[in-house]
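# Secondary and tertiary structure notes
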Amino acid sequence: MKRMLSGIKPTGQLTLGNYIGALRNFVKYQDDYEMFVFIANLHCVTVYQDPKELRKNLKDAIALYLACGLDPEKSTIFLQSDVMEQAQLGFLLTCTTYMGELNRMTQFKDKLAKQEKNITAGLYVYPSLMAADILAYDADYVPVGDDQKQHVELARDLAERFNNRYSPTFTVPEPLVAKVGARIMSLTEPTKKMSKSDETNKGCIYLLDEIPVARKKIMGAVTDMLAKVQYDKVNQPGISNLLEIMSSLSGEPIEDICARFEGKGYGEFKKAVADVVCDTLQQIQDRYHEIINSGQIDKVLEDGANKARYIAHKKLMKVQKKIGIEIRK
Ligand code: AMP
Ligand code: TRP
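Our subject in this report is the structure included herewith. Keep in mind it's a predicted model, so treat the numbers as computed, not measured.

Moving on, we get to the layout of surface pockets. Its boundaries defined by the atoms lining it, the second largest pocket holds a volume of some 230 Å³. For the second largest pocket, the lining is made up of 13 residues, of which Glu189, Lys192, Ser197, Asp198 and Glu199 are closest to its centre. Across the lining of the second largest pocket, the residue classes break down as 2 nonpolar, 6 polar and 5 charged.

Right, let's talk about the site of ligand 2 for a bit. Of all residues adjacent to ligand 2, which total 14 residues, the nearest are Lys9, Tyr126, Met130, Asp133 and Gln148. Here a nitrogen atom of ligand 2 sits 2.7 Å away from a polar atom, N or O, in the side chain of Asp133. Within the complex, the protein chains bury 91% of what would otherwise be the 360 Å² of accessible surface of ligand 2. Only β1 (3–8), α7 (121–135) and β4 (141–144) provide two or more residues apiece to the shell around ligand 2.

Our focus in this paragraph is the environment of Ser128. Tracing the sequence through the fold places Ser128 in helix α7. Distance in space between the C-alpha atoms of Ser128 and Tyr98 is 9.9 Å, their sequence separation being 30 residues. In this view, Ser128 contacts Gly90, Leu93, Thr94, Thr97, Leu102 and Leu154; residues no more than four positions away in its chain are not counted. Within the local environment of Ser128, its side chain forms a polar contact with the side chain of Thr97, the two groups lying 2.9 Å apart.

Criteria and cut-off values
Residues numbered from 1 in each chain as written. Chains lettered and ligands numbered in written order. Predicted model: local features only at pLDDT ≥ 70, side-chain atom pairs only at ≥ 80, totals over all residues. Heavy atoms only, no water. 1 Å grid on protein atoms, 1.4 Å probe; cavity = no way out; pocket = protein on both sides within 12 Å on 5 of 7 lines; lining within 4 Å. Points joined across faces, edges and corners; volume = space filled by probe spheres on them. Nonpolar A, V, L, I, M, F, W, Y, C, P; charged D, E, K, R; others polar. Near = heavy atom within 4 Å. Polar contact = N/O pair within 3.5 Å; in protein donor to acceptor, adjacent residues only side chain to side chain. Areas by Shrake-Rupley, 256 points an atom, 1.4 Å probe, with all protein chains shown as cover. Helix = DSSP H or I, 4+ residues; strand = E, 2+ residues; numbered from the N terminus. Contact = heavy atoms within 4.5 Å.

Dropping the structure here:
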C-alpha cells in the first residue's frame, strides 16, 4: 500500500473550505493509502500565536478531524511536536538546504514583498522542516493546496540530493494538488477563496458555526441579477459557488441541481443549499461534541505519536549514520 501524508496548521478555526478541499478527501484516501495526518503545530509558531487561542484551536482541530471521519484505526493521527525525531531531522535537512533555495520560496518572497515586520528565522527555514515531515515517513504522495506545491518540490530536491550524496535513503514524494473544482469561494466575494482569515466573517462558514448562523450566511450569499440557477463561473460566480458546495456535499451532479431549480427563484435554491450545508454541519458537530470531552483525543494522539515515532526514529538513525554523526551500531 502506498503511503500518503499531510499536515494542517492549527491556525484559526477550520472552515467548510477545509472540509470540502482537504479533510473530506483525507477520509476517502484512508481506505486506499496508508495515511499519516498530523497537526503542524511547530509550523504554526513560525508566526506568533496567542497561547490560549492556539491550545483551543489545536484541540478543536483534532476533534474535528475525528468528527469528519478520520479513523484512528486506519490513519495515523498525531501532533508534530510529539515526534522530536521529526524536528531533529528538520535540522539535518536545513543543513542540506541552500539559502538560495529558501530565498526562492514564493510564500516567503510574498511576505518580504509585503514588507511584513518581524519575519522570523523559523518562517524562513520552515520548508526544510516540512521536508523532514514528509521524508521521515517515506511518503509517496502529499495532498496539498496549490500554495504548498513548491515546498513539496523542495522536499523532492532534498531527498534526491541526500540519496545521491550518500546512498538511497528517502522516498522521493509527489505532491497531489486538488482539482480546480476543490476551491470553495467566499460567500460575500465569490471571486476570492473562502478563508479562515475572512475579515467580515460573513463570507466564511466555520465547521463549528451555530446552525442558524450558518443558514443566515448562505441565505445572505452574494448572487446576481440573471435570476437563473446555472453554472457559469464568469458571469455568475456566486451561484456557481453555491452549486459547487451543494453538489460536493450531496453528491448530486451540478446539471441535475440546475434542472431541478429551472424557473425557480434564488431564495428557494439558497434554502436548499442551506439545508444540505446545515445537515452536514449538524452531523459533524454532533460527533464533535461527543469527542471533545471524552478523553478520546489524548488516546488517539498517544497512539498516533507512538506509531509515528517508531518510523521517524528508525529513519533518523539511518540518516545520522550515513552523515557520520552516529557511531553506534
Ligand atoms: P489552509 O486553511 O489554507 O491552511 O489549508 C488547509 C487545507 O485546506 C489545504 O489543503 C487547502 O487546499 C484546503 N482549503 C483551504 N481553504 C479552501 C477552500 N476555500 N476551498 C477548498 N480547499 C480549501
Ligand atoms: N506547510 C503546510 C501549510 O502551511 C502544512 C504542512 C506542514 C504540511 N508540514 C507538512 C503539509 C507536510 C503537507 C506535508 O499548510
